[in-house]
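# Examining the three-dimensional arrangement
Now for the letters of each chain:
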Amino acid sequence: MRLLVVEDFQPLRESLTQGFREAGYAVDEASDGQAALWHARAGEHDVIILDIMLPKIDGLSVLRQLRQQSSPSLVLLLTAKDTAEDKINGLELGADDYLVKPFLFAELLARVKALVRRKYETKSTILRIADLEVDTSRRCVRRGGKPIDLSGREYALLEFLAHNTDRIVSRTDIWQHVYDFNASPESNVVDVYIGLLRKKIERPGAPRLIHTRRGQGYLLGEMEQR
Amino acid sequence: MIRSLRIRLLIHTSLAAAVILGLLGAALYFCMRQSTESDFNLALLAKGRAVASTAEQHGQQIIFDYAPEQMPQFVTSDHPDYFQAWIDPDVVIRSPSLKQNDLPRPPNNSQLTYADLVLPDGRSGRAVSMSFVTTIEPLAEGNSPGTENARTIVLSVATETIGLHRTLQNLGWLLVGLCSFAVVVSGIVLLWIVGRAVRPVERIARDIDQLRENDLSTRLRSSDVPLELQGVVEKLNGLLSRLEAAFSREKAFTADVAHELRTPLTALLTTFEVCRSRPRDEAAYLAAIDKCRNVAQLMQAMVEMLLLLARAEAGQLSLKLQSTDAADLIDDCWALFSGRAEARRLNVQWQAVGPIPIETDPEKLRIILHNLFDNAVSYADEAGALRVSATLSADVFRVEVANTASRLGPEQSSHFFDRFWRGDQARTDVGIHCGLGLPLCQRLSRLLKGEIEIQTTERGWFIARLTLPAGRLEEPAASDEIPVISSAV
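Residues numbered from 1 in each chain as written. Chains lettered and ligands numbered in written order. Predicted model: local features only at pLDDT ≥ 70, side-chain atom pairs only at ≥ 80, totals over all residues.

In this section: the overall build of chain A. Along its length, chain A carries eight helices and twelve strands. The buried share among the 226 residues of chain A stands at 43%. Excluding contacts between residues fewer than 6 apart, the proportion of contacts in chain A whose partners are at least 24 apart in sequence is 58%. (Helix = DSSP H or I, 4+ residues; strand = E, 2+ residues; numbered from the N terminus. Buried ≥ 20, exposed ≤ 12 C-beta atoms within 10 Å, placed from the backbone. Contact = placed C-beta atoms within 7 Å.)

Below, the structure written as C-alpha cells:
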C-alpha cells in the first residue's frame with residue numbers, strides 16, 4: 001500500500017514516514033501543499049495523510065483540488081485544529097477521516113489500515129485466498145495453518161495482491177501501490193519479488209495461487225486446474 | 001456610617017425637611033404673634049382712648065365723665081380692667097376696679113408706651129400709657145373752649161393678658177403639631193420618592209448580578225436609566241467591552257498556544273512510539289534521541305518567547321540601561337546568522353559602521369536584533385539579498401533590516417504584530433517561526449521607548465525599521481502584576 005505523508009514540521013514528517021515504512025507501507029512525503037499536489041498527481045496513493053496548515057497551499061485547498069481532479073486516494077486530515085467546525089469543514093470538503101494532534105501513532109496506523117480496507121472494500125482484517133491467510137492487522141501470513149516468513153516488501157506486494165483477489169493487476173499498478181519514489185524503478189523488480197513470493201507461499205503439491213497473465217500482469221486467486 | 005444609600009438619602013432629606021419646616025413654623029409663629037399682640041395693643045389703646053375721651057376740664061377741675069354702665073369692665077369685680085390718671089404728680093382718677101390700688105406710674109412723657117405688669121389682683125397684664133391734653137369745657141356762656149389753661153394728663157390703662165398668652169400658646173402648639181405632622185408626612189413621601197429614585201440603581205445592581213464570567217457579551221440597559229446614571233452605565237458597559245475583548249484575546253491566545261504546541265508534541269510522541277516499536281541499533285536510538293531533543297528545544301524556545309512576551313505585556317520587564325556601542329552589538333548578533341546567510345548564498349549589504357554610542361538595555365536590543373536577523377535570513381530566498389543599516393542622528397538610533405522574497409502584501413500589514421500570525425500560516429522547514437518574534441520585538445522596542453515598523457514593497461522587500469532614543473532613558477519600575485497569559489503558557 002502506498003501512502004503520501006504531507007506535513008511541514010520536519011521531525012514529525014520524518015517519524016511518520018519511518019513508522020509507516022516500518023509498518024510495510026510505501027511512503028512518499030511532502031512538506032508543503034505544492035509538493036503534495038505534485039506527488040498526488042505523480043503517484044497513485046492509497047491514503048494521503050494531510051496536514052491542514054501548510055506552506056504555499058494549505059491542506060484544505062490541496063484536498064479541494066484532489067477532489068476536483070477525482071483523485072481516488074483516501075485522505076486523512078491530520079491537524080492541530082480540533083473544533084467541530086474544523087472537522088465538519090474538512091469532512092465536507094471530501095476528507096475520509098480526521099485525526100487531531102497530538103495522537104498515538106498506533107491510532108493513526110489503525111485508521112490508515114481501516115481506510116485501506118475501505119478502499120478495497122474488505123471489512124475483515126484477515127484476507128483469505130484458498131488456504132492462504134493474510135492478517136493485515138498483525139502483518140502475518142499463513143498457508144494451511146503454517147506461518148510464512150515474508151520481508152516487508154514481499155508482504156506489501158502480497159497484501160496488495162490479496163486486496164485485489166481474482167483481479168489482474170498490472171506491473172504498473174503494483175509499482176504504483178507498493179513502491180515509493182525512493183525505490184529504484186528497475187524494469188524487472190516486480191517480477192523478481194513475485195518470484196520470491198511464489199517460492200515462499202507456493203510449496204510443492206499445493207495449488208498455485210499467483211498466476212501470470214502474459215502481457216497483462218498478475219492475479220492472486222484459486223484457479224481451476226486444467 | 002450608614003451604608004444604605006436609601007436610608008442616608010431618607011435621613012438627610014428628612015432632616016432638611018424638618019429644619020425647613022421648623023424654621024417656617026417659627027417664622028409663622030412670630031408673624032402671628034406680632035399680629036395678635038398688635039391687635040391686642042390696638043384694642044388696649046382703643047380702651048385708653050375711650051377713657052381719655054371722657055376727660056373734661058372745667059376751669060381747674062378735671063372730670064372723667066363716663067357712665068359705669070358704658071364701661072363696665074372698669075367697674076366689675078370679675079376680671080376687671082384698670083385705669084389710672086395723673087396730673088403730675090397727683091393722681092386724678094382711679095378706675096373703680098382699682099379701689100385703693102395703684103397702677104405703676106408711667107414716665108411723664110407724651111409717648112405711647114406698653115408695658116407688661118402684674119395687675120393688682122395678681123393676674124398678668126399689660127398697660128398702655130399715654131399723655132393727652134384735656135378739653136376745656138366752657139364754664140359760662142360767652143366763653144369759648146380753649147387750651148390756654150389745658151392740663152396734660154398721663155393715663156395708664158391695663159388689662160389682663162391671660163387670654164393673649166393662651167392664644168399665643170395655642171398657636172405655638174398648633175404650629176408645632178402641624179410642623180411635626182408635616183415632617184412625618186414629608187418623611188413618608190420622601191421614603192416613597194427615595195425608593196423610586198434608587199430603583200434604577202437597584203435595577204443596575206440586579207443587571208450586574210446577572211452578568212456571568214463566561215458570557216461577557218451582555219450589556220447593561222441604558223434606555224430607561226436616569227441621566228445621572230447614564231454615565232455610570234456607559235462606563236460599566238465600556239469596561240465590559242474591554243473585559244470581553246481581553247477575555248477573547250486570552251481565549252484565542254490559549255487556543256493558539258495549545259495549537260502551536262500540539263505539532264511538536266505529536267512529533268515527540270510519534271518519534272518515541274516509532275522508536276520503541278522494534279529493537280534497533282545504538283545509532284538509531286541516538287538519532288531518535290537527538291531528534292526529540294531538537295524538538296524539545298524548539299518547544300522550549302517557543303515557551304520562553306511566550307513567557308518573555310507575557311512579561312513584556314504585563315510590564316514585568318525592567319530595563320538595565322547602560323552605555324552601549326550599537327554597532328558592536330549588531331556585529332555580535334549577526335555573528336550567529338552569518339553562517340546561515342552564507343550557506344543560503346545571501347547577498348548581504350552592510351551599512352552599520354561603528355562606533356554608535358547609545359544608552360539602552362543591550363540585552364533587550366539583542367533580542368530584537370536576533371529576531372529581525374533570524375526572520376531576514378530565514379525568509380530571504382535562496383541567493384537573495386539582505387540589507388542591514390544602522391545610523392545615529394539627532395539622538396535617534398535607527399536600524400533597518402531588510403530581505404528580499406517577501407510574499408507579503410500591504411493588505412497583510414495589519415497582522416504583522418499579531419501573536420501567532422504567520423504570512424504562510426505554517427511552519428517552514430527553516431525553523432519554528434511561530435509568529436511570536438515580531439510581537440515580542442514590538443513590545444521590547446516600546447519598553448525601550450522606541451518603535452518598530454514593517455514595510456513591504458512591490459519589489460518583494462520586507463523591511464523592518466527599529467527606531468530608539470539614543471539618550472538617557474528613565475528606568476521603569478517592574479510591575480508586580482502577574483501576567484494572565486503566563487498561566488496559559
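This next bit is on the sheet that holds strand E6 (residues 124-133) of chain B. Residues and elements named next belong to chain B. Judged by pairing direction, the sheet is antiparallel, and its five strands sit side by side in the order E4-E3-E8-E6-E5 without closing on themselves. Unpaired on one side and paired on the other, strand E4 (90-94) and strand E5 (113-118) mark the two borders of the sheet. On average, each strand axis in the sheet is inclined to that of its neighbour by 25°, with strand direction left out of account. Pairing of E6 with strand E8 (residues 152-160) involves nine bridges; the strand directions are antiparallel. (Pairing = 2+ DSSP bridges. Axes fitted to C-alpha atoms, helices over the stretch in contact; angles between N-to-C directions.)

Residue and element names in this part refer to chain B. Viewed as axis vectors pointing N to C, helix H4 (residues 282-313) and helix H8 (residues 437-447) meet at an angle of 40°, and their least axial separation amounts to 10 Å. Between H4 and H8 lies a crossing whose hand is left-handed. Residues Met305, Leu308, Leu309, Ala312 and Glu313 of H4 form the contact with H8, whose participating residues are Pro439, Leu440, Arg443, Leu444 and Leu447. Partitioning the contact of H4 with H8 into residue classes produces eight nonpolar, no polar and two charged. (Left-handed = near helix turned anticlockwise from the far one by under 90°. Nonpolar A, V, L, I, M, F, W, Y, C, P; charged D, E, K, R; others polar.)

Turning our eyes to something else, we now look at the nonpolar core. In this structure, Leu3(A), Ile49(A) and Leu50(A) are the most contacted members of the largest nonpolar core, which totals 69 residues. Among the elements that take part in this core, helix H6 (residues 152-163) of chain A stands out by supplying seven residues, more than any other. Once you skip the residues sitting within four places of it in the chain, Leu3(A) turns out to touch Phe20(A), Tyr25(A), Val27(A), His45(A), Asp46(A), Val47(A), Ile49(A) and Val112(A). In terms of nonpolar packing, the next biggest core, distinct from the first, is built from 43 residues, Val257(B), Leu365(B), Phe373(B) and Tyr379(B) among them. (Core = buried A, V, L, I, M, F, W, Y, C linked by C-beta atoms within 7 Å.)

Taken together, the contact between chain B and chain A spans 23 residues of the former and 22 residues of the latter. Counting residues per element, the ones that place at least two in the side of chain B that touches chain A are helix H3 (227-275) and H4 of chain B. Looking at the side of chain B that touches chain A, the element that brings in the most residues is H3(B), giving twelve residues. Across the side of chain B that touches chain A, the residue classes tally to seven nonpolar, nine polar and seven charged.

What follows concerns the packing of helix H5 (residues 326-335) of chain B against helix H7 (residues 362-379) of chain B. Residues and elements named next belong to chain B. The contact between H5 and H7 brings their axes to 9 Å, and the two run at 45°. Regarding the angle of H5 to H7, the classification is oblique. Of the two possible hands of crossing, H5 and H7 adopt the one that is right-handed. Between H5 and H7, the residues in contact are Leu329, Ile330, Cys333 and Trp334 and Pro362, Leu365, Arg366, Leu369, His370 and Phe373, respectively. For the contact of H5 with H7, a count of residues per class yields eight nonpolar, one polar and one charged. (Parallel < 35°, antiparallel > 145°, perpendicular 65-115°, else oblique.)

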